Amino acid sequence: MYTSGLLFIGTQEIIIIVVLVLLLFGGKKIPELMRGLGRGVKEFKDGQKEDTTENNNTNTTNNNNNQN
């Protein structure tokens, strides 16, 4: 599959994409979509932090149990 062409998006293509998004969703809906996207990214990052904290606590507990 030829994907390296996707990396070279020019200004004209970006302008066309922005115009299409504006036409599809309208100017009032876009801030709501971006707000929802931001919340989703924040929840994802918080979930990753929670997961690493749980893994660290589990590893610490397992190490303490192995030493006793």
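See the structure above.
Residues numbered from 1 in each chain as written. Predicted model: local features only at pLDDT ≥ 70, side-chain atom pairs only at ≥ 80, totals over all residues. Heavy atoms only, no water.

**Student:** What am I meant to see in the overall build of the protein here?
**Tutor:** Along the backbone of the protein there are 2 helices and 0 strands. The proportion of buried residues among the 68 residues of the protein is 1%. In the structure as shown, the protein presents an accessible area of about 6500 Å², 59% of it carried by carbon and sulfur atoms. (Helix = DSSP H or I, 4+ residues; strand = E, 2+ residues; numbered from the N terminus. Buried < 20%, exposed > 50% of the residue type's maximum accessible area, 1.4 Å probe, protein only. Areas by Shrake-Rupley, 256 points an atom, 1.4 Å probe, with all protein chains shown as cover.)

**Student:** Just checking my understanding: could you explain a negative patch on the surface for this structure?
**Tutor:** On the surface, a cluster of negative charge is made up of Glu 43, Asp 46, Glu 50, Asp 51 and Glu 54. Mapped onto the fold, Asp 46 is located in helix 2 (residues 29–67). (Patch = residues over 30% accessible without salt bridge, like charges linked within 9 Å, V, L, I, M, F, W, Y side chains within 5 Å. Salt bridge = Lys/Arg side-chain N within 4 Å of Asp/Glu carboxyl O. Lys, Arg positive; Asp, Glu negative; His and termini not counted. Charge placed at Lys NZ, Arg CZ, Asp CG, Glu CD.)

**Student:** Help me out: how do you make sense of the pattern of salt bridges in this one?
**Tutor:** Side-chain pairs of opposite charge can arise where the charged atoms are in close proximity. Under the defined criterion, the tally for this structure stands at 1 salt bridge. Lys 29 is the partner of Glu 32 in a salt bridge, and the nearest nitrogen-oxygen pair spans 3.5 Å. One end of the pair is Glu 32 and the other is Lys 29, both in helix 2 and 3 residues apart, which spans about a single turn. Residue Lys 29 is classed as partly exposed on the basis of its relative accessible area of 40%.

**Student:** Even after reading the chapter, I still don't get a nonpolar patch on the surface, so can you show me in this structure?
**Tutor:** A contiguous nonpolar surface patch, about 740 Å² in accessible area, is contributed by Ile 17, Val 21, Leu 24, Phe 25, Leu 33, Met 34, Leu 37 and Val 41. With respect to the secondary-structure elements, Leu 33 resides in helix 2. Leu 33 gets classed as partly exposed once you look at its relative accessible area, which sits at 35%.

**Student:** What exactly am I supposed to notice about the environment of Val 21 here?
**Tutor:** Within the secondary structure, Val 21 is located in helix 1 (residues 11–25). Beyond its immediate stretch of four places on either side in the chain, Val 21 contacts Gly 26 and Ile 30. (Contact = heavy atoms within 4.5 Å.)

All we've got here are geometric facts, nothing functional implied.
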